[in-house]
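Examination of the molecular architecture
As a plain string of letters, each chain reads:
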Amino acid sequence: MATAVATTGGKTVKRDSSFSWSGMDKKGNRVSGKSLAPDENSLRADLRRQGIAVSRVKKQAQSLGGGGKVKPEDIAVFSRQLATMLAAGIPLVQSFEIVGNGNDKPAMQKLILDIKADVEGGTSLHEALGKHPLHFDDLYVNLVEAGEQAGALETLLDKIATYKEKTEALKKKVKKALFYPAAVMVVAVVVTIILLIFVIPQFESLFKGFGADLPAFTQFVIDMSRGLQDNGIYFGAIMAGAVYVFFYFKKRSKKMREFLDRMSLKLPIIGPILYKSAIARFSRTLSTMFAAGVPLVEALESVAGATGNIVFETAVLKMRDEVATGQRLQRAMENTGLFPNMVIQMIAVGEEAGALDAMSGKVATFYEAEVDNAVDSMSSLLEPLIMAILGVLVGGLVIAMYLPIFKLGAVV
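Residues numbered from 1 in each chain as written. Predicted model: local features only at pLDDT ≥ 70, side-chain atom pairs only at ≥ 80, totals over all residues. Heavy atoms only, no water.

**Concerning the overall build of the chain**
The following threshold applies: By the criteria applied, helices consist of DSSP H or I runs no shorter than four residues and strands consist of E runs no shorter than two, each listed in order from the N terminus. The globule rule is 2.2 Å times the number of residues to the power 0.38, and the radius of gyration it is compared with is taken over C-alpha atoms. Only protein chains enter the accessibility calculation, which uses a 1.4 Å probe; a residue whose area is less than 20% of its type maximum is buried, one above 50% is exposed, and one in between is partly exposed. When charges are counted, Lys and Arg contribute as positive and Asp and Glu as negative, whereas His and the chain ends are disregarded. To locate a charge, take atom NZ for lysine, CZ for arginine, CG for aspartate or CD for glutamate.
Check the secondary structure of the chain and you find 15 helices and 5 strands. The C-alpha atoms of the chain give a radius of gyration of 30 Å, which is well past the 22 Å a tight globule of 412 residues would have. Buried positions account for 40% of the 412 residues belonging to the chain. Of note, the chain has its 47 positive side-chain charges centred 5 Å away from the centre of its 41 negative side-chain charges.

**Observations concerning the layout of surface pockets**
In this approach, a probe sized like a water molecule rolls over the atoms, and the result shows the empty space that is left. Going by this rule: The definitions used throughout rest on a 1 Å grid laid over the protein atoms alone, on which a cavity is an enclosed set of points accommodating a 1.4 Å probe that cannot get out and a pocket is an open set flanked by protein within 12 Å on both sides along at least five of seven lines; lining residues are those having an atom within 4 Å of a point. Grid points are joined across faces, edges and corners, and a volume is the space filled by probe spheres set on the points.
Considering only enclosed or pocket space, the largest pocket measures out at about 1,400 Å³ in volume. Lys171, Arg281, Thr307, Gly308 and Asn309 are the residues nearest the centre of the largest pocket, which is lined by 41 residues in total. Secondary structure elements with two or more residues in the lining of the largest pocket: helix 2 (72-87), helix 6 (138-150), helix 7 (153-207), helix 8 (216-252), helix 9 (254-264), helix 10 (270-291) and helix 11 (296-306). Tallying contributions element by element places helix 7 first for the lining of the largest pocket, with 9 residues.

**Considering the packing of helix 11 against helix 12 (residues 310-324)**
The criterion, for reference: All axes here are fitted lines through C-alpha atoms, helices being fitted over the stretch that makes contact, and every angle between N-to-C directions spans 0 to 180 degrees. What sets the label is the angle itself: under 35 degrees gives roughly parallel, over 145 gives roughly antiparallel, 65 to 115 gives roughly perpendicular, and the rest give oblique. Only heavy atoms enter the contact rule, under which two residues are in contact if any of them lie within 4.5 Å.
Close contact between helix 11 and helix 12 brings their axes to 8 Å; oriented N to C, the two are set at 175 degrees. With respect to helix 12, the axis of helix 11 lies roughly antiparallel. Mapping the contact onto sequence places Leu296, Val297, Leu300, Glu301, Val303, Ala304 and Gly305 in helix 11 and Glu313, Val316, Leu317, Met319, Arg320, Val323 and Ala324 in helix 12.

**A few points about the environment of Val141**
Its place among the elements puts Val141 in helix 6. When the C-alpha positions of Val141 and Glu351 are compared, they lie 26 Å apart, and in sequence the two are 210 residues distant. Not counting the four nearest positions on each side in its chain, Val141 is found in contact with His126, Leu129, Gly130 and Phe136.

**Section: the nonpolar core**
So the rule is basically this: The definition of a nonpolar core used throughout is a set of buried Ala, Val, Leu, Ile, Met, Phe, Trp, Tyr and Cys residues joined through side-chain atoms within 4.5 Å.
Judged by nonpolar contacts, the single largest core of 43 residues is most densely connected at Phe282, Leu300, Met319, Leu329, Met333 and Phe339. Among the elements of the structure, helix 7, helix 10, helix 11, helix 12, helix 13 (329-336), helix 14 (341-353) and helix 15 (356-411) are those that each provide at least two residues to this core. Counting residues per element, this core draws most heavily on helix 15, at 10 residues. Among residues more than four places away in sequence, those in contact with Phe339 are Tyr275, Phe282, Phe312, Met319, Met333 and Ile344. Core analysis: the second largest hydrophobic core is formed by 35 residues, Ala83, Leu125, Tyr163 and Val294 among them.

**As for the packing of helix 7 against helix 10**
How we decide: Side-chain classes are defined by residue name, with Ala, Val, Leu, Ile, Met, Phe, Trp, Tyr, Cys and Pro counting as nonpolar, Asp, Glu, Lys and Arg as charged, and the others, Gly among them, as polar.
At a minimum axis separation of 11 Å, helix 7 and helix 10 run at an interaxial angle of 175 degrees. Between helix 7 and helix 10, the angle is such that the two are roughly antiparallel. Across from Lys159, Tyr163, Lys166, Leu170, Lys171, Val174, Ala177 and Leu178 in helix 7, the residues of helix 10 making contact are Ile270, Ile273, Leu274, Ser277, Ala280, Arg281, Arg284, Thr285, Thr288 and Ala291. Its residues assigned to classes, the contact of helix 7 with helix 10 comprises 10 nonpolar, 3 polar and 5 charged.

**With respect to the side chain of Glu368**
Structurally, Glu368 can be placed in helix 15. With near-sequence residues (within four places) excluded, Glu368 lies in contact with Lys166, Leu170, Lys173, Ala280 and Arg284.

**Regarding the confidence of the model for the chain**
Going by this rule: You can read pLDDT as the predictor saying how much it trusts each residue, on a scale of 0 to 100.
Looking at the chain, the pLDDT average stands at 82 and 91% of residues meet or exceed 70. pLDDT under 50 marks residues 1-14. Its contacts with residues more than four places away, or in other chains, come to 32 contacts. In this model, residues 62-66 is a region of pLDDT below 50 whose contacts with residues beyond four sequence positions or in other chains number 8 contacts.

Right, here's the structure in full:
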């Protein structure tokens, strides 16, 4: 049976394939499962050693793309599982095999197998992870490298897992804050368009025999309905083109991203949440990097990319340059004008006491809680506002259609 191979360091390393199997255990009970093995014969031999009489083995097909998409939360779960395995004293390669075997997502399983094959071929873990920059950024790789050099890989992986879990939880809170109002507004627009295209024309045909001038508001709504019916396809094309151009330049233009990030921080309600989120990410990443023994200047470079906002990223890179010339971190933070006084003072205390990781960790915990509270508060604030907007949109159309009927009643 064919088995995928990889060449690493001049060696050819077999990559395990995924098999599904079924059989009988020692007690005569039917059992089944999924396992990783170089080939079918190896799997059968391994299962026999476990006392399982195999009746069926089937190799699972894997698409070229690995099936599905590896998400940041998958990496967070993988980090926690690997940290747990190593803390339990399980060897690194065996840990990869166990974690990969227990993963149901083909794309994630393929990623784990690729890393396992590289490690088996003699590549260090941080180098194997560095071959997959889409899933393991410089921060992740640098922390693993620091753990390998210090001989405390399981400790560093535990810190990485905690860091990934907290940052992903923070991202979900921010996405929740942005998604709720956006989703309601999209529904409101869709409902309005449906009313204008399908419902208003019915009233228009009713009003043709009215025999009097329609109220101005009603006539405006009818004209808008006609315009949407006659030119709706053009409006749709223009809107789709505008959205495409927006995302095209957002992806490729640094100036546009900086403008959008800067403006997003000034938005009412949403802005403070994004601002606190950026500070929480800055503090959490700095705490994790410094606790891992990464020098401050190198740590700030990774911290810059983890803030999630290009305004903060630019400011942190400027701070890195100032710290590299001998400036204190506290003074460099003050020069940016971005950080609250409380954050600056806590970082200053951490510098003085030689506990920068602990103090920045406290700052991160505080601002993560602030983001959580702000999201909850925003939801309660936006609910009446959204109801008012829906009422104006839908209620306005209803009123516009019933005004002529009220006028007819007054004439009669």
